[in-house]
Amino acid sequence: MEDRVAARPPDAPLIEIRNLAIHFRTRQHQFRALSGVNLTVGRGEAVGLVGESGSGKSITWLAALGLLGPRARVSGEVLLDGRDLLGLDETAITGVRGREIAMIFQDASSSLNPLRTIGSQIRESLRHHWGMDRNTAHAEAKRLLDRVQIPFAAQRLKDYPHQLSGGMNQRVMIAIALAGRPRLLVADEPTTALDATVQAQILDLLDELRRDTGMALALISHDFGVVAENCDRVVVLYAGRVMENAQNSEIFIRPAHPYTRGLLAAIPDSAGERTRPIRGSVPEPWSPPPGCVFEPRCDFARPECRAAQPPLASPAGATAMHRSACLRRDEMATATARQEMVAS
Ligand SMILES: Nc1ncnc2c1ncn2[C@@H]1O[C@H](COP(=O)(O)OP(=O)(O)OP(=O)(O)O)[C@@H](O)[C@H]1O
C-alpha cells in the first residue's frame, strides 16, 4: 500500500469517487438514490456539490465514510490516495473518519453534546485521534478555539453549547473537525441554519483554514451562491445524477445544463428573495421519469430527451473538464447566462 501511495503522481486527486451508486431498501420502497456519480477533489481544492434537497449530496459523502447504515447498498469506488474506502472494514474506516476526512453538518447545536462543556468535547476528540494527555489536550483545545476565531477561548472552553450562539457552535464543530488534522473537510450545509452575516463569516473561516492548512474542502449546499463564492469547482447533482461539472469560473459564464441555469436563476437576491424558482419538484427516487431525469421540469426539453439519460460530455468550445449531461449542451453553453435560449 505504501508503495502504491508513493508511486502516485503529485497532481493525482486526493479523493476520486468513481461510478458511485447507492440503493436503499425501506419498508415501502427499493430505489436507487445515486447513479454513476464520478467526482474528484484535489489536494487543497474546494469542490462544491450543489443541488436541491433530496438530490443525493449528503449520501455521496456519507457513503464515502461508511456512514449510511445497513439499509444502503453502495457500489463503485471511493479512492483516497488510491485506497478504496468502500472496501475497508469497520476498524479501518474508523481510522479514516476524522483523521483523513472530517465532516461537519448543518445543525451544530444538535451535533454537540448539551451535557458536556465544549472544552471536554474538543479534548475528547484530541485524545481519540492522538492519545493526548489531559494537559496537552487542554492547551491544544484552546489553540483550536483561537484558530476558529472564538474570542476569550480559555473561558469559552468551560461553556456548554447552549451558552453559545449558533455561529459559535458551528465554529466549535469546525474546531473538533480540525482536531483530527484531516486532509479533507466535508461541510454539509454548514451555514444553512445561520443568518446571512454569520454565514459569510463561517464560509470565510473555512476558506482561510483551507488556505492555511492545505486541507481540501467539499462544500455541500442547495444554494449556488454559497458554492460559487467558496469553491474552485462545482458539481451539480439532480435526482442522484451529476448534471454538470465545471470550474467555478466557467459554469457561471457558460452554464451548459438547464438545471444549472435554473439554480443560478434561483440564487437569492440581496433582499434574500428567491428570484426565479425552478418549476415543478424533484421526482420521488422510486419513480424517476423515463429519459433525462430533469426533462419534466425542463423548459428546453425536446421529444428525444424522453428516450434516455444523456451521458456527461464536454460542450462545444468548453474546457475538457467542463461536462454537461444535456443533449442541448452545445447550445446551452454558447448562449450566455443572461441571454435566454428560446425554449424548445
Ligand atoms: N437512510 C436512508 N434510507 C432511505 N433513504 C434515504 C436515506 N438517506 C437518504 N435517503 C434518500 O436518498 C435521497 C438523497 O438524500 P440526501 O440526504 O443525500 O439528499 P441531499 O441532496 O443531501 O438533500 P438534503 O439537503 O435535503 O439533505 C433522498 O431521496 C433521501 O430520501
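Residues numbered from 1 in each chain as written. Predicted model: local features only at pLDDT ≥ 70, side-chain atom pairs only at ≥ 80, totals over all residues.

**A word on the overall build of the protein chain**
Thought 1: Counting its secondary structure elements, the protein chain contains 13 helices and 11 strands.
Thought 2: Radius of gyration (C-alpha) of the protein chain: 21 Å, near the 20 Å computed for a compact globule of 344 residues.
Thought 3: Overall, the C-alpha framework of the protein chain stretches about 65 × 50 × 45 Å when taken along its three principal axes.
Thought 4: Relative to its full complement of 344 residues, the protein chain shows a buried share of 40%.
Thought 5: Counting only contacts in the protein chain whose residues sit at least 6 apart along the sequence, the fraction spanning at least 24 positions is 63%. (Helix = DSSP H or I, 4+ residues; strand = E, 2+ residues; numbered from the N terminus. Rg over C-alpha atoms; globule rule 2.2 N^0.38 Å. Buried ≥ 20, exposed ≤ 12 C-beta atoms within 10 Å, placed from the backbone. Contact = placed C-beta atoms within 7 Å.)

**Some remarks on the sheet that holds strand β11 (residues 323-324)**
Thought 1: Ordered in space as β6-β7-β8-β3-β9-β10-β11, the seven strands form an open sheet in which the pairing is mixed. Strand pairing shows two members of the sheet lacking a second neighbour, β6 (101-104) and β11, which therefore form its edges.
Thought 2: In this sheet, strand β7 (residues 184-188) lies alongside β6 in parallel orientation, the contact comprising four bridges. Across the sheet, residue M103 finds its bridge partner in β7, namely V186. (Pairing = 2+ DSSP bridges.)

**A word on the packing of helix α5 (residues 118-130) against helix α6 (residues 134-147)**
Thought 1: Between α5 and α6, the least distance of the axes is 9 Å, while the angle of their chain directions is 115°. When the axes of α5 and α6 are compared, the pair comes out roughly perpendicular. For α5 against α6, the interelement crossing comes out right-handed. Judged by residue contacts, G119, I122, R123, L126 and R127 of α5 engage A137, H138, E140, A141 and L144 from α6.
Thought 2: Per-class residue counts for the contact of α5 with α6 are five nonpolar, two polar and three charged. (Axes fitted to C-alpha atoms, helices over the stretch in contact; angles between N-to-C directions. Parallel < 35°, antiparallel > 145°, perpendicular 65-115°, else oblique. Left-handed = near helix turned anticlockwise from the far one by under 90°. Nonpolar A, V, L, I, M, F, W, Y, C, P; charged D, E, K, R; others polar.)

**A short note on unusual backbone geometry**
Thought 1: Residues other than glycine seldom take positive phi values, yet N19 does so here, at roughly 50°.
Thought 2: Topologically, N19 is positioned in strand β1 (residues 15-25).
Thought 3: Residue class for N19 comes out exposed when judged on the 11 C-beta atoms lying within 10 Å of it.

**What to know about the sheet that holds strand β4 (residues 72-80)**
Thought 1: The antiparallel open sheet is built from four strands, whose spatial order is β2-β1-β4-β5. What marks the edges here is a single partner per strand, and that holds for β2 (30-41) and β5 (83-84).
Thought 2: With eight bridges joining them, β1 and β2 adopt antiparallel strand pairing. Each residue of the ladder has a partner; that of I15, found in β2, is V41.
Thought 3: In the packing of helix α2 (residues 57-64) onto the sheet, the strands contacted are β1, β2 and β4, and the crossing angle to β1 comes to about 105°.

**Things to note about α2**
Thought 1: Of all the eight residues making up α2, seven are buried; the element is thus mostly covered by neighbouring parts of the structure.
Thought 2: With its phi angle positive at about 65°, G66 sits one or two positions after the end of α2.

**Considerations on the confidence of the model for the protein chain**
Thought 1: Summarising the model, the protein chain shows a mean pLDDT of 92, and 94% of its residues fall at 70 or more.
Thought 2: Two summary scores accompany this predicted model of the complex, namely pTM at 0.92 and ipTM at 0.97. (pLDDT = per-residue confidence, 0-100.)

**Some words on the pairing of strand β9 (residues 233-238)**
Where a strand is regular, its side chains alternate between the two sheet faces.
Thought 1: Within β9, six of the six residues are buried, leaving the element largely enclosed by the surrounding structure.
Thought 2: Along β9, one buried face is formed by R233, V235 and L237 and the opposite face, lined by V234, V236 and Y238, is buried too.
Thought 3: Examined bridge by bridge, strand β3 (residues 46-50) and β9 share four bridges and lie parallel to one another. Opposite V50, over in β9, you have V236 as the bridge partner.
Thought 4: As defined by bridge partners, β9 adjoins strand β10 (residues 241-247) across six bridges and the pair is classed as antiparallel. Bridging from a neighbouring strand, V235 pairs with N245 of β10.
Thought 5: The antiparallel hairpin formed by β9 and β10 contains two residues in its connecting segment, where A239 sits at a positive phi of about 45°.

**As for α6**
Thought 1: Spanning 14 residues, α6 covers 20 Å between terminal C-alpha atoms, matching the ideal 20 Å at 1.5 Å per step.
Thought 2: Buried within α6 we find A137, E140, A141, L144 and L145. All buried residues of α6 lie within an arc of 140° about the axis, which places them on one face of the element.
Thought 3: Taken together, the buried residues of α6 touch α5, α7 (153-156) and α8 (166-179).
Thought 4: After α6 finishes, the residue Q149 shows a positive phi value of roughly 60°. (Expected span 1.5 Å × (residues − 1). Arc of directions from axis to C-beta.)

**Looking at the pairing of β3**
Thought 1: Summarising burial for β3: five of the five residues are buried, a large majority.
Thought 2: Burial along β3 is two-sided: A46, G48 and V50 and V47 and L49, pointing in opposite directions, are all buried.
Thought 3: Direction of pairing for β3 relative to strand β8 (residues 216-221): parallel, over a ladder of five bridges. Bridge pairing links V50 to S221 in β8.

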